[in-house]
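Notes for the structure review
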Amino acid sequence: MKVKLDIVSGFLGAGKTTLIKKLVTEGYRDEKIVVLENEFGKVGIDTDILKNTGVEVEEITAGCICCSSSGNFLSSIEDIINKFNPDRIIVEPTGVAKLSEILRACNDFKFKNLFKINNIISVLDVKRFDFVSSYSKVFVDDQIAVSKTIVLSKNTGVDIKYIEGMYSYIKNININANIINEDIYNISGRNLIEAIENKIQDYDMLKILDKLDKDETRNPYHFSTLEFKTKKSIDYSDIKLIFKCFEDEDTYGKIVRGKGILQNRDKNWYKFDYVENEINEESYYKEESGVVCIIGYKLNKKNILNLFE
């Protein structure tokens, strides 16, 4: 029997890792699972989070698996199958990957006997949907077009009229999309699996990809990443001030995502997560030096690093 391959896509900070953590700890507990992480850059922060669930996690950090590292991606899938013999592989692409390109890579004839594409999921951050679409519409629409299931994340407190508008937007691009508008934290793992595994009668991946080839448009923004390690103690209050400074785009560039694991002056570790002028903190434990990853475009790396010195 072929290994099931699930792909969980979504733009930067949409909640992909949160969804995968829910799936592996509650939904697929009786299956042997390996998660393949494609971090945007070389600092594997989300990988550390998933490893804490006890699941096997493999990484590709050399580039984006939708383009320059597609060969590494397929080879990694083959290595995982040979090494772990899993029931299921869950792939989390980098948040700026074009999902259609990943699916094209998965159709490589040489690897077709190894796995079967099962779930194709995209996570959309409801509260930041307009903001993300304003500069990454090409990525967002591509994810919607080829997904079997769309999970609407961070939807608590959002006006129902806005949700209805998102439904219309999604259905206009992908009329067959299976849409889940539930609080991921409150839905049970079993109910989540039942919703995701909902069969879509008219899903024809090759037909969809062929249509995208004809209608393809290019994204005007070219994302870059700045990543570094630090042994400096940095309090969470300092991180909030740093990201407040990042609102000056002329000085620092456009920062769309930031995350890291740092130690404060009391020698306690914490993880921070930044998306569109909102930053959150949670306790964490890590024995090594702190790590920071910042993603955006037109980044002024010198000015950004100066804030962390």
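Residues numbered from 1 in each chain as written. Predicted model: local features only at pLDDT ≥ 70, side-chain atom pairs only at ≥ 80, totals over all residues. Heavy atoms only, no water.

**Topic: the environment of Lys-271**
Stated formally: In this description a helix means any DSSP run of H or I spanning at least four residues, a strand means any run of E spanning at least two, and both kinds are numbered starting from the N terminus. For each residue, the accessible area found with a 1.4 Å probe, counting protein chains only, is set against the maximum for its type, and the residue is called buried under 20%, exposed over 50%, and partly exposed in between.
With respect to the element layout, Lys-271 can be found in strand S10 (residues 269-275). Overall, the relative accessible area of 8% leaves Lys-271 in the buried class.

**Quick look at the layout of surface pockets**
Definition in use: Cavities and pockets are found on a 1 Å grid laid over the protein atoms alone: a cavity is a set of points where a 1.4 Å probe fits but cannot escape, a pocket is an open set with protein on both sides within 12 Å along at least five of seven lines, and a lining residue has an atom within 4 Å of such a point. Grid points are joined across faces, edges and corners, and a volume is the space filled by probe spheres set on the points.
The computed volume of the largest pocket comes to approximately 1,100 Å³. What lines the largest pocket is a set of 50 residues, among which Gly-15, Thr-18, Lys-154, Tyr-185 and Asp-273 lie closest to the centre. Listed by contribution, the elements that provide at least two residues to the lining of the largest pocket are helix H1 (16-27), strand S2 (33-38), helix H2 (45-51), strand S6 (149-153), strand S9 (254-263), S10 and strand S11 (278-283). The element that contributes the greatest number of residues to the lining of the largest pocket is H1, accounting for 8 residues.

**Some words on unusual backbone geometry**
Look at Lys-154: it is not a glycine, yet its phi comes out positive at around 50°. With respect to the element layout, Lys-154 can be found in the loop between S6 and helix H6 (160-173). Assessed through its relative accessible area of 35%, Lys-154 is described here as partly exposed. You will see that Lys-298, though not glycine, has its phi angle at about 55°, which is positive. In this structure, Lys-298 sits in the loop between strand S12 (290-297) and helix H11 (301-306).

**Thoughts on the pairing of S6**
To be explicit about the condition: DSSP-based pairing: two strands are paired if at least 2 bridges between them are found.
When you tally the buried positions in S6, you get 5 out of 5 residues, the bulk of the element. Burial along S6 is two-sided: Thr-149, Val-151 and Ser-153 facing one way and Ile-150 and Leu-152 facing the other are all buried. Sheet topology places strand S5 (residues 115-125) next to S6; 5 bridges connect them, and they run parallel. Paired with Ser-122 across the bridge in S6 is Ile-150.

**Here's the deal with helix H9 (residues 236-245)**
Worth spelling out the cut-off: Each direction from the helix axis to a C-beta atom contributes to the arc, which is the arc of those directions. Here a residue-residue contact requires only that any non-hydrogen atoms of the pair lie within 4.5 Å.
Burial in H9 covers these residues: Tyr-236, Ile-239, Ile-242 and Phe-243. Along the axis of H9, the buried positions cluster into a sector of 110°, meaning they face one direction only. Among the exposed residues of H9, those oriented more than 90 degrees off its buried face are Leu-241 and Lys-244. On its buried face, H9 is in contact with S9, S10 and S11.

**Quick word on the packing of H1 against helix H7 (residues 189-196)**
To keep things clear, this is the line we draw: Lines fitted to the C-alpha atoms define the axes, with helices restricted to the stretch that makes contact. Angles between their N-to-C directions range from 0 to 180 degrees. Any angle from 65 to 115 degrees is called roughly perpendicular, while one under 35 is roughly parallel, one over 145 is roughly antiparallel, and all others are oblique. Working rule for handedness: look at the near helix, and if it is turned counterclockwise from the far one by less than a right angle, call the crossing left-handed; if clockwise, right-handed. In this classification, Asp, Glu, Lys and Arg are treated as charged, Ala, Val, Leu, Ile, Met, Phe, Trp, Tyr, Cys and Pro as nonpolar, and every other residue, Gly included, as polar.
Here H1 crosses H7 at 115°, and the two axes come no closer than 9 Å. By the angle class used here, H1 and H7 are roughly perpendicular. Crossing angle aside, the handedness with which H1 passes H7 is left-handed. For the pair formed by H1 and H7, the contact residues are Leu-19, Lys-22, Leu-23, Glu-26 and Gly-27 on the first element and Gly-189, Arg-190, Leu-192, Ile-193 and Ile-196 on the second. Class assignment for the residues of the contact of H1 with H7 results in 5 nonpolar, 2 polar and 3 charged.

**Some remarks on helix H5 (residues 129-146)**
Threshold: Any helix carries an expected span of 1.5 Å times its number of residues minus one. Working definition for bend: take the seven residues up to and ending at a residue and the seven starting at it, fit an axis to each, and measure the angle between the axes.
Spanning 18 residues, H5 covers only 18 Å between terminal C-alpha atoms, well under the ideal 26 Å at 1.5 Å per step. The sharpest bend along H5 comes to roughly 110°, located at Ser-136. Burial of H5 is extensive: 15 of the 18 residues sit out of reach of the surface.

**Some remarks on the side chain of Thr-225**
To be explicit about the condition: Nitrogen and oxygen atoms within 3.5 Å of one another constitute a polar contact, given that in protein one can donate a hydrogen and the other can accept it, and given that sequence-neighbouring residues count only through two side-chain atoms.
Relative to the elements of secondary structure, Thr-225 occurs in strand S8 (residues 224-230). Within the structure, Thr-225 has its side chain in polar contact with the backbone oxygen of Ile-294 (distance 3.5 Å).

**Things to note about the confidence of the model for the chain**
The condition is simple: pLDDT is a residue-level measure of predictor confidence that goes from 0 to 100.
The predicted model of the chain has a mean per-residue pLDDT of 82, with 85% of residues at 70 or higher. The spread of mean pLDDT over the elements of the chain runs between H2, the lowest at 57, and H6, the highest at 95. Note on residues 66-70: pLDDT is under 50 here. Beyond four places in sequence and across chains, it has 12 contacts.

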